[in-house]
Amino acid sequence: LTGRNLSIKLASVFGADYINYLEATKKWQRGEMSNFYYLMILNTLAGRTFNDLTQYPIFPWVIADYTSDELDLSNPSNFRDLSKPMGAQTPQRAAQFKERYEALQSLDDEESPAFHYGTHYSSAMIVASFLIRLEPFVQSYLLLQGGKFDHADRLFYSIEKAWNSASRENTTDVRELIPEFYFLPEFLTNLNKYEFGKLQDGTEISDVELPKWAHGDPKIFIEKNREALESPYVSEHLHEWIDLIFGFKQLGQEAVDALNVFNYLSYHGAIDLDKIDNEIERRSITGIIHNFGQTPLQVFNKPHPIKDVTSLVRLKYEKIKKAPTLIYQTKFHSPIHYLQFKTHSDNSGDAFWRGYPKLFLNGDSEIKQGTSKGSIVINRKSYERLHDDDITVLAKVNDDILITASSNGLIHIWHHNVIIKTINEQLEFETQLRAHLYEIVDLKVSPEYNLLL
């Protein structure tokens with residue numbers, strides 16, 4: 001069993017909340033799984049597959065800034081509101097769709113329930129239009145379009161135009177993205193030199209127009225998009241989008257309140273085609289379902305848990321203005337999680353070190369592992385129990401910051417604060433990074449690029 005059939009089978013055995021029987025959600029919560037990989041798992045469990053354009057995997061828009069010269073992922077305003085569907089990204093747009101729903105609801109037509117959107121966020125045409133520059137998708141597009149390309153202005157030719165259309169300008173466009181936006185730069189380039197025609201202003205369409213911050217390079221665009229998907233902001237809010245697409249806000253009053261209701265034929269089980277005797281009517285409804293788009297199977301019937309981002313989130317180090325950003329990147333996954341330091345005001349006990357003289361973390365300082373578990377020696381002075389397990393790696397960032405890592409996968413950041421040399425010095429525990437589960441075997445620091453790998 002694969003795709004939708006597998007999902008239906010699992011749901012029949014465990015109920016709609018069968019995902020709780022798996023470890024995927026817990027691993028994602030603990031930061032052991034990237035956002036990208038977790039979304040792929042949810043798509044599979046919801047019946048989505050790369051083998052069917054009508055049920056292609058669904059990924060969210062996450063970036064909302066396509067005009068700046070440089071993309072600032074530390075600014076929350078540069079991200080899309082993941083708690084709302086694409087039809088509610090602006091108040092004016094949300095009001096329009098709410099008014100439409102209320103108007104249809106007033107008709108009280110049991111055979112055609114009210115909905116917010118006359119189009120879907122995922123359909124065969126949406127997928128084919130995004131991938132129109134690649135085979136075999138261009139052939140699928142031509143098949144759906146009657147053998148010829150649509151008018152150039154209606155093709156996918158600009159990232160910014162596509163975002164503006166789906167988020168604010170076009171009431172018939174509420175499309176989300178496909179996974180390729182996060183791993184495949186080739187779909188943005190007209191490698192096959194197809195002739196798509198010209199825009200009304202005479203511009204010939206070829207490669208997809210990229211935002212300024214991509215600097216004309218599809219690889220940079222994909223890298224930034226993936227970086228945004230794995231960013232702390234998205235990690236903190238992704239569960240809200242999951243509630244809309246795969247969760248409890250997909251159906252019922254929760255969907256109505258969230259402005260997230262689509263044509264009833266897009267939902268699984270809305271109509272039993274086997275009970276329709278009229279062949280023409282059955283084909284007609286089947287065509288509507290395939291062309292309009294299909295809502296994924298509901299995976300969660302309760303609010304999706306929030307990701308525990310304490311080991312992955314961006315923690316701002318406030319004491320040293322030039323402190324580097326830490327980047328955690330596993331050997332097996334490409335997503336990068338940005339980490340910065342955050343000071344702690346409640347350090348106490350063994351984690352807080354005071355009064356040790358001559359601890360200058362400069363080129364003349366000798367820093368090495370101690371003889372006892374979890375200890376280090378700096379300039380012949382021993383510091384005990386920095387870790388509960390053996391310290392496996394030491395690294396210096398600059399004259400003030402020392403990094404220790406242990407056999408249980410924990411990374412500790414220490415700040416050497418000098419107020420008056422030899423009189424009032426502090427080796428302060430700053431934060432603990434918990435992204436790894438196994439022994440840290442190496443740490444590489446690049447002050448030039450502000451990186452810890």
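Residues numbered from 1 in each chain as written. Predicted model: local features only at pLDDT ≥ 70, side-chain atom pairs only at ≥ 80, totals over all residues. Heavy atoms only, no water.

Caption draft 1: Structural context of the packing of aromatic side chains. What the rule picks out here adds up to 26 aromatic pairs. Each member of the aromatic cluster is reached from another via a ring pair, and the members are W61, Y66, F130, F156, W163, F181, F187, W213 and F221. Its end group placed over the ring of F36, R226 keeps NZ or CZ at 4.2 Å from the ring centre. (Phe/Tyr/Trp six-rings, centres within 6.5 Å; stacked < 30°, edge-to-face > 60°. Lys NZ or Arg CZ within 6 Å of the ring centre and 35° of its normal.)

Caption draft 2: Structural detail: the nonpolar core. In this structure, F156, I159, F181, L188, F221, W241 and I242 are the most contacted members of the largest nonpolar core, which totals 75 residues. Looking at this core, the elements with two or more residues in it are α2 (24-29), α3 (35-45), α4 (91-107), α5 (124-130), α7 (159-169), α8 (218-229), α9 (232-245) and α10 (252-257). At 7 residues, the largest contribution of residues to this core is made by α9. The residues contacting I242, other than those within four sequence positions of it, are Y38, L39, L42, G247, F300 and H304. (Core = buried A, V, L, I, M, F, W, Y, C linked by side-chain atoms within 4.5 Å. Buried < 20%, exposed > 50% of the residue type's maximum accessible area, 1.4 Å probe, protein only. Helix = DSSP H or I, 4+ residues; strand = E, 2+ residues; numbered from the N terminus. Contact = heavy atoms within 4.5 Å.)

Caption draft 3: Layout of the packing of α3 against α9. Taken N-terminus to C-terminus, the directions of α3 and α9 make an angle of 10 degrees; their axes are 12 Å apart at the nearest point. Here α9 runs roughly parallel to α3, going by the angle between their axes. Crossing of α3 against α9: the hand is right-handed. Of the residues in α9, those touching α3 at N35, Y38, L39 and L42 are V234, S235, L238, W241 and I242. Here the residues of the contact of α3 with α9 sort into 7 nonpolar, 2 polar and no charged. (Axes fitted to C-alpha atoms, helices over the stretch in contact; angles between N-to-C directions. Parallel < 35°, antiparallel > 145°, perpendicular 65-115°, else oblique. Left-handed = near helix turned anticlockwise from the far one by under 90°. Nonpolar A, V, L, I, M, F, W, Y, C, P; charged D, E, K, R; others polar.)

Caption draft 4: Quick peek at empty space enclosed by the protein. One pass over the structure, following the stated rule, counts 1 cavity of 30 Å³ or more. Looking at the largest cavity, its volume works out to about 60 Å³. The wall of the largest cavity is formed by 13 residues, among which P85, M86, Y121, V174 and E176 lie closest to the centre. (1 Å grid on protein atoms, 1.4 Å probe; cavity = no way out; pocket = protein on both sides within 12 Å on 5 of 7 lines; lining within 4 Å. Points joined across faces, edges and corners; volume = space filled by probe spheres on them.)

Caption draft 5: Up close: the pattern of salt bridges. Following the criterion strictly, the structure yields 8 salt bridges and no others. Close ionic contact of E32 with R30 constitutes a salt bridge, the shortest N to O distance being 2.4 Å. For E32, a relative accessible area of 28% gives the class partly exposed. Of the charged contacts in the structure, one is a salt bridge between K444 and D442, with a shortest N-O distance of 3.7 Å. On the basis of relative accessibility, which here comes to 53%, the residue K444 falls in the exposed class. (Salt bridge = Lys/Arg side-chain N within 4 Å of Asp/Glu carboxyl O.)

Caption draft 6: Focus on the environment of A24. Relative to the assigned elements, A24 resides in helix α2. Along the backbone, A24 and L42 are 18 residues apart, and their C-alpha atoms lie at a distance of 9.0 Å.

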